[in-house]
Amino acid sequence: MAEAAAIQGTVPSPARRWLRRTASLAVAAPLLAGFLPGTPAPEAAAAAETTAAESTKGGGTVDVSLDTLTPSAPVEGDTVTITGTVTNQGKQAVTDATVDLRVGPRLSSRSEIDEVSGRRAYRDGRDPAPLGGPYTVKIPRLGAGLSKDFTLSVPVSKLELDEAGVYQLGVSLTGQTASQSYGRVLGIERTLLPFQPEAAEKKTQLSYLWPLISTAHVSAETGADQQQTPVFENDDLAAELAPGGRLHEMVSLGKDLPVTWVIDPDLLASVTAMTEPYMIKNGTTEVPGRNQAIAERWLNDLEKAVQGRKVVALPFADPDLASLAHHGKDVPGSLSHLQQATALAATTVETVLHVKPSTDFAWPVDGAVDPSIMAVATSAGARNVIARSDSFRDDLSYTPTSARPIGGGTTAIVSDAGLSTAFQGEMIKAENSTLAVQEFLAQSLAITLELPEDQRSVVVAPQRMPSTSQAQAMAKGLQSLAAKRWTEPVDLQAAATQSDPDASKRVPGSSAYPKKLRAQELDADAFRQMKLTRDRLDDFQVILTFPDRVVPPFTNAISREMSTSWRGEAPSAALYRREVQDYLGNLTQEVRLFEKSDLTLSGRSATIPVTVQNRLLQGVDHLVLKLKSSNKTRLKLDGDTGEAARPVKIDGGHSQSVKFDASANANGPVTMTAQLYTEDGTPYGDPMTFTVKVSEITPTVMLVIAGGVLLLVLAGVRMYSARKRAAARSAEAEAAAETEADAAGDAGDDEPGAAAPSEDADPEQPSDPTPDTGSESGDPSGPGEKVDR
């Protein structure tokens with residue numbers, strides 16, 4: 001009879017059958033309890049069954065999976081088709097099983113939808129009766145651990161949907177096991193069926209954000225070549241851009257969807273850098289990147305997708321506004337860097353995509369706000385802050401329009417929490433995606449039906465970085481709304497212009513901010529490290545002849561250090577900050593004082609050289625080298641002072657010897673300190689110390705030396721005179737001897753013998769005096785430099 005009635009279309013509607021069954025049970029329960037005292041009361045039996053059923057997903061020993069439901073939002077004349085799988089998770093085989101479709105009554109509110117979505121176990125009396133008839137699937141036997149696919153197809157006319165609204169749709173398996181040889185529900189899965197056969201008179205305006213955001217991929221390092229080849233932390237971005245990757249899917253799907261693009265300009269800058277030669281860190285070395293073609297194709301596809309569409313540009317690198325508000329705003333320079341990131345956003349998007357973006361929107365994490373977050377968000381020029389309804393709560397019986405003017409020219413755009421979180425979680429399984437799509441459609445229809453006579457504007461702000469499967473589920477949900485029967489798409493700018501006078505305009509207090517989100521924030525020490533990097537960069541850039549080759553990479557890196565993407569990744573964030581600091585430190589040390597050995601100063605005055613070395617590829621200027629004497633009484637610089645300064649300008653890859661005039665007044669060691677400064681007086685680099693040993697020759701010593709020299713000269717003159725007199729006497733003796741010899745020869749030339757020598761004649765020449773200085777030493781000179789005299 002039931003089958004015949006079903007075929008002839010006389011079966012009561014699901015809502016009526018559900019109410020009739022509930023009433024029958026309510027009347028019969030006391031009578032059955034009176035006649036059958038040994039039988040448990042229905043409430044006790046249901047409770048026992050529920051307790052057992054809660055142990056497995058779907059409410060029993062059999063898992064029911066709903067893989068597809070088409071169409072997602074049927075109209076009159078459609079046939080609803082459900083495919084899925086039943087899996088026996090128990091240890092006993094299931095016999096005489098039937099897969100049934102159960103259609104519940106119309107759900108009257110969003111809270112009822114939430115209750116149905118959260119229910120797992122089958123509850124007799126609360127779940128509707130099976131549709132029965134030909135709309136079942138028989139499974140004679142389902143062994144333990146085995147699965148069986150099923151397909152149920154039912155014309156919409158047989159569902160007996162009374163009016164437009166959201167209906168519970170359940171698929172259950174009823175069967176028996178060896179231990180319980182009677183038919184009972186062993187598993188059930190529920191979903192929601194939105195039914196709006198005709199277009200609503202007042203459609204809900206739906207603004208869906210489509211975020212293109214990624215993590216930080218580019219380091220602060222660049223190549224030493226003229227092109228400054230960028231260095232990437234890894235090549236993970238290429239995987240996201242490649243076909244099948246997350247970002248590829250977001251662009252491929254988004255181009256055909258009525259969405260507002262929300263873009264992090266850092267992503268565009270990073271992909272643009274990939275279109276040219278780039279390097280990838282590989283341990284202690286770097287290897288060339290090979291994915292230029294993938295990057296070019298993705299950028300071209302994105303540029304085409306956004307033409308004529310609304311584009312919102314977040315501040316560069318998507319800074320974490322809550323972290324700034326709670327920990328960074330008291331660190332000098334943090335908020336000014338947020339302003340720079342906002343200014344850079346518009347330029348980047350216009351340059352890469354050739355569209356003019358809106359930059360007056362701020363998006364705190366998960367839309368959670370408090371007064372300090374609102375203040376920080378608007379400090380950089382944002383007039384619209386995207387919040388969420390689970391943070392910005394309302395005490396209304398309906399879903400109000402998203403925009404809330406909160407004063408001071410600021411508008412809170414309160415996105416709907418239910419719609420915004422509909423596609424979170426793992427969406428790879430077809431069942432999860434199907435259930436998420438149905439709930440998203442059901443919630444959106446329920447919003448329209450809350451106040452069918454009033455049109456409202458609702459914003460959906462999903463997770464910042466949807467996975468590939470999440471993006472696909474989001475797209476399917478939006479595609480199911482393409483008929484525009486109860487919603488119509490608008491961009492985010494349009495959604496910000498409407499408001500509801502009854503909606504709350506009170507910003508939640510600080511105590512209401514979620515503890516879970518607060519625990520993920522960057523701490524104050526992180527912002528202090530960023531400030532240290534900024535200060536070092538400021539000191540460094542003033543000495544460079546081409547600061548544009550250094551400042552932008554580090555400025556962008558500091559922005560990336562503030563990124564929202566570091567939430568939950570504290571160790572990775574700390575490592576990135578440290579690498580940026582270390583690299584900047586290495587660059588600044590390329591301009592340094594050359595280590596100097598001790599000097600010896602002999603005399604009253606001399607020139608002391610100090611060498612400055614520049615190993616950068618560009619010249620440095622606007623530096624001052626100061627040399628200071630620790631004892632200006634003993635050693636003075638530049639006349640009567642103990643300190644002297646010289647300007648420094650050096651080409652890239654060169655060194656310069658800077659000379660200082662020094663004068664000594666007394667002997668002894670003097671410690672000298674050399675320090676580089678920028679022109680504004682800020683010390684640059686580490687100071688260098690060395691010792692000058694003063695060994696002065698005094699006037700007394702000079703007189704002694706002069707006297708010694710005079711004595712030597714006089715002694716030389718005396719020796720010369722003596723030698724001249726000796727030579728004269730020798731000459732006279734020789735002449736006399738020759739005269740006598742001549743006379744003797746004349747007197748008797750025949751007598752033998754020779755003439756006797758004269759008594760005055762010297763037997764040999766007098767020798768040179770012994771020198772009063774030793775021979776020149778061949779040993780090396782002592783340690784220490786010699787100064788210029």
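Residues numbered from 1 in each chain as written. Predicted model: local features only at pLDDT ≥ 70, side-chain atom pairs only at ≥ 80, totals over all residues. Heavy atoms only, no water.

J.: When you look at the sheet that holds strand E7 (residues 184-195) in this model, what are you seeing that I'm missing?
T.: Working definition: the strands of a sheet are paired by backbone hydrogen bonds and lie parallel or antiparallel to each other. Taken in spatial order, the four strands line up as E4-E3-E6-E7 in an open sheet, and their pairing is antiparallel. The open sheet has two free edges, formed respectively by strand E4 (136-142) and E7, since each of these has just one partner strand. Neighbouring strand axes in the sheet, compared pairwise and without regard to direction, differ in orientation by 20° on average. Bridge count between strand E3 (residues 94-107) and E4: six bridges; the pairing is antiparallel. The partner of threonine 98 across the bridge, within E4, is lysine 138. Running at roughly 45° to E7, helix H14 (residues 430-450) makes contact with E3, strand E6 (165-176) and E7 of the sheet. (Pairing = 2+ DSSP bridges. Helix = DSSP H or I, 4+ residues; strand = E, 2+ residues; numbered from the N terminus. Axes fitted to C-alpha atoms, helices over the stretch in contact; angles between N-to-C directions. Contact = heavy atoms within 4.5 Å.)

J.: How do you make sense of the pairing of strand E29 (residues 683-694) when you look at a structure like this?
T.: Successive side chains on a regular strand alternate, one facing one side of the sheet and the next facing the other. In the sheet, strand E22 (residues 599-601) pairs with E29 via three bridges, with the strands oriented parallel. Across the sheet, residue leucine 601 finds its bridge partner in E29, namely valine 694. Pairing between strand E28 (residues 668-678) and E29: nine bridges, direction antiparallel. Looking at E29, one finds that glycine 668 is bridged to valine 694. Between E28 and E29, which pair antiparallel and follow one another directly, the connecting turn spans four residues, one of which, glycine 681, has a positive phi of 90°.

J.: How should I be thinking about empty space enclosed by the protein in this particular structure?
T.: A probe matching the size of a water molecule, rolled over the atoms, marks out where space remains unfilled. Inspection of every chain in the model, using the stated rule, returns five cavities of 30 Å³ or more. Approximately 70 Å³ is the volume found for the second largest cavity. Lining the second largest cavity, in full, are Pro315, Leu321, Leu338, Thr342, Thr359, Phe361, Ala362, Ala377, Ala380, Gly381 and Ala382. Secondary-structure elements contributing two or more residues to the lining of the second largest cavity are helix H11 (334-353) and strand E15 (361-362). (1 Å grid on protein atoms, 1.4 Å probe; cavity = no way out; pocket = protein on both sides within 12 Å on 5 of 7 lines; lining within 4 Å. Points joined across faces, edges and corners; volume = space filled by probe spheres on them.)

J.: Sorry, what's going on with helix H4 (residues 110-118) here?
T.: It helps to recall that an α-helix has 3.6 residues per turn; residues three or four apart then point in one direction. Taken together, the buried positions of H4 are Arg110, Ile113 and Val116. Seen along its axis, H4 keeps its buried residues to an arc of 115°; they face one direction. Away from its buried face, by an angle of more than 90 degrees, H4 presents the exposed residues Ser111 and Gly118. Here the buried face of H4 lies against E3, E6, E7, helix H13 (417-420) and H14. (Buried < 20%, exposed > 50% of the residue type's maximum accessible area, 1.4 Å probe, protein only. Arc of directions from axis to C-beta.)

J.: Sorry, what's going on with the side chain of serine 629 here?
T.: If you trace the backbone, serine 629 turns up in strand E24 (residues 620-629). Beyond its immediate chain neighbours, meaning those up to four positions away, serine 629 contacts Leu635, Leu637, Gly642, Val670, Thr671 and Met672.

J.: Honestly, the pattern of salt bridges in this entry has me stumped. Any pointers?
T.: Side chains carrying opposite charge are able to pair once their charged atoms draw close together. Applying the stated rule across the entire model yields 22 salt bridges. Note that glutamate 350 is salt-bridged to lysine 356, the shortest N-O span being 3.9 Å. For lysine 356, a relative accessible area of 68% gives the class exposed. Of the charged contacts in the structure, one is a salt bridge between aspartate 394 and arginine 404, with a shortest N-O distance of 2.8 Å. Separated by ten residues along the polypeptide, aspartate 394 in the loop between strand E16 (384-388) and strand E17 (403-407) and arginine 404 in strand E17 bring together distant segments of the chain. Relative accessible area serves as the criterion here: at 27%, aspartate 394 is assigned to the partly exposed category. For arginine 404, a relative accessible area of 2% corresponds to the buried category. (Salt bridge = Lys/Arg side-chain N within 4 Å of Asp/Glu carboxyl O.)

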